[in-house]
Amino acid sequence: MTNHLNLIVDEIVNETHDTISILLHEKDNRDLSFLPGQFLTFIFDADGIETRRGYSIWTTPDDLPQVGVAIKKFKDGVTTKYLLESLKVGDSITSLPPLGNFTVETNQENERTLVMFGAGSGITPLMSHLQAILKYEPKSKVILFYGNHDEDSIIFYDKLNSLQKKYSDNFFIEHCLSKPKRNWNGVHGRIDSVKSIELLDKYKTHFTGQVEYYLCGPEEMMQTVMNILKERNVDRKNIHREIYTTKVLDETDEIEEKEREVTIILQGERHKVLVMPNETILEKALEQGLEIPNSCQFGNCSTCKAKLLSGKLKLVEQTALSEEDIKQGFCLTCVGYPASDNVVILYEDMF
Ligand code: FES
């Protein structure tokens, strides 16, 4: 039985010149329950190829049965071209149920501080987190550092302002603009290491209880903030980050440029596939018609989890795996590139 949802578009809202919110409900009232910070995986046809893209939900479970995602439109982007350009109210979108581990669970007894670093459309899951925390944890605080290009590119600007007014004792925002257009009294510049240190120092007097960090945005920003938090001896378990795009390998990723033969063991049968240097094992296996379980295709849901029995993989991001999984030799094949000969992958029956 398919677990695909049939989502109907209720409303399309222009959040900025290049970002839209889509509000949807499930046509047959199938379960859409989610935790703040999870994402939907839209499935659509792009020139005959089944394509999947994950989009974080910015609304909260209180808004069910409606959910909202925000999507940035990219000129020539696959989603823009094949899904968004002709999308209108009443259309349906096929989606997987909500997935993802970049979540918060609320408890009204909690007294903690969530420090959020976001940039661009990375605000989307943070928006869901912060609304839930502000509403259900009256003793907790949320501090948001949000980077954008200019005033007009700030997604959810009005919504964030009204939340700040409503929760003025618990919610603090610093908008950081790299190229403000008008007279801008806020922070100038990208969220780089200098800026991150300044912001953390400026707000440290607001920290209360346990301090947890939530990062979502371009890899460079997240890595910068991670390094600073590491220097400050922040426990890794208090740092949460979302990878919301598939990182493409670049020349700094050391993989010898050659085709590799990979053996895939699926339901007891061995299959040999030839994987090109820039292809993931999952991509190639699906292309060869192997029915490998998969969902988000960017290392975030663990549906494509398998065991590496021999050989080496270059794994780009595995946010969905625990350290224990990794120790036991599990990997996510949607972000796994063969980096040696003799790669053997086992999909166990339980997957
Ligand atoms: S398909 Fe989601 S982690 Fe691989």
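Because the structure is predicted, anything quoted here is derived from the model rather than measured.

Parameters at a glance
- Residues numbered from 1 in each chain as written.
- Predicted model: local features only at pLDDT ≥ 70, side-chain atom pairs only at ≥ 80, totals over all residues.
- Heavy atoms only, no water.
- Helix = DSSP H or I, 4+ residues; strand = E, 2+ residues; numbered from the N terminus.
- Buried < 20%, exposed > 50% of the residue type's maximum accessible area, 1.4 Å probe, protein only.
- Areas by Shrake-Rupley, 256 points an atom, 1.4 Å probe, with all protein chains shown as cover.
- Lys, Arg positive; Asp, Glu negative; His and termini not counted.
- Charge placed at Lys NZ, Arg CZ, Asp CG, Glu CD.
- Phe/Tyr/Trp six-rings, centres within 6.5 Å; stacked < 30°, edge-to-face > 60°.
- Pairing = 2+ DSSP bridges.
- Core = buried A, V, L, I, M, F, W, Y, C linked by side-chain atoms within 4.5 Å.
- Domains from an automatic or database assignment.
- Contact = heavy atoms within 4.5 Å.
- Salt bridge = Lys/Arg side-chain N within 4 Å of Asp/Glu carboxyl O.
- Disulfide = S-S within 2.5 Å.
- Axes fitted to C-alpha atoms, helices over the stretch in contact; angles between N-to-C directions.

A. Layout of the overall build of the chain. Looking only at helices and strands, one finds seven helices and 19 strands in the chain. Expressed as a percentage of the 351 residues in the chain, the buried residues total 53%. A total of about 17300 Å² of accessible surface is found on the chain, and carbon and sulfur atoms cover 46% of it. Computed over 39 positive and 54 negative side-chain charges, the inter-centroid distance for the chain is 3 Å.

B. Representation of the packing of aromatic side chains within the structure. Across all of its chains, the model carries six aromatic pairs by this definition. A centroid spacing of 5.6 Å and a plane angle of 50 degrees characterise the contact between Phe-42 and Tyr-55, whose relative ring orientation is tilted. Of this pair, Phe-42 sits in strand E3 (residues 39-46) while Tyr-55 is found in strand E4 (residues 49-56), placing the two residues 13 residues apart along the sequence. Exposure class is identical for Phe-42 and Tyr-55. Each is buried. An aromatic cluster of at least three residues, connected via ring pairs, comprises Phe-117, Phe-145, Phe-172 and Tyr-203.

C. Seen up close, the pairing of strand E14 (residues 269-275). As paired strands, strand E13 (residues 260-266) and E14 are joined by seven bridges and run antiparallel to one another. The residue of E14 that forms the bridge with Glu-261 is Leu-274. Turn length for the E13-E14 hairpin, with the two strands adjacent in sequence and antiparallel, is two residues, and the turn residue Gln-267 shows positive phi of about 50 degrees.

D. Structural context of the nonpolar core. Core analysis: the largest hydrophobic core is formed by 28 residues, its most contacted members being Leu-130, Leu-144, Leu-160 and Phe-171. If you tally residues by element for this core, the top one is helix H2 (residues 123-136), at six residues. Domain assignment of the residues forming this core places at least three in each of domain 1 (5-99) and domain 2 (112-242). Apart from the residues lying within four places of it in its own chain, the contact partners of Leu-130 are Met-116, Val-142, Leu-144, Leu-160, Leu-163 and Phe-171. Listed in part, the 25 residues of the second largest apolar core include Ile-292, Ala-320, Val-335 and Tyr-337.

E. Layout of the pattern of salt bridges. Throughout the structure, instances matching the rule amount to 20 salt bridges. One salt bridge in this structure joins Asp-62 and Lys-135, with 2.8 Å as the shortest N-O distance. Residue Asp-62 is located in the loop between E4 and strand E5 (66-72), and its partner Lys-135 is located in helix H2; the two are separated by 73 residues in the primary sequence. Judged by relative accessible area, Asp-62 falls into the partly exposed class, the value being 39%.

F. Focus on the state of the cysteines. Summed over the entire model, instances satisfying the criterion amount to zero disulfides. With no disulfide of its own, Cys-331 lies 7.8 Å from the sulfur of Cys-304, the closest cysteine sulfur. With relative accessibility at 1%, the residue Cys-331 sits in the buried group.

G. Spatial organisation of the sheet that holds strand E19 (residues 343-347). Strands sit in the order E14-E13-E19-E15-E17 across an open sheet of five strands; the sheet is mixed. Of all the strands in the sheet, the pair left with one neighbour each is E14 and strand E17 (330-332). Each strand of the sheet is rotated relative to its neighbour by a mean of 35 degrees, with strand direction disregarded. Direction of pairing for E13 relative to E19: parallel, over a ladder of five bridges. Residue pairing in the sheet places Ile-264 in a bridge with Ile-345 of E19.

H. Layout of the pairing of strand E2 (residues 19-26). Taking burial as the measure, the eight residues of E2 include seven buried ones, the bulk of the element. Note: strand E1 (residues 5-14) against E2, seven bridges, orientation antiparallel. Across the sheet, the residue bridging to Val-9 is Leu-24, located in E2. Counting the residues between successive antiparallel strands, the hairpin from E1 to E2 contains four residues. Note that E2 and E5 share seven bridges and pair antiparallel. Within the sheet, the bridge partner assigned to Ile-20 lies in E5 and is Ile-71.

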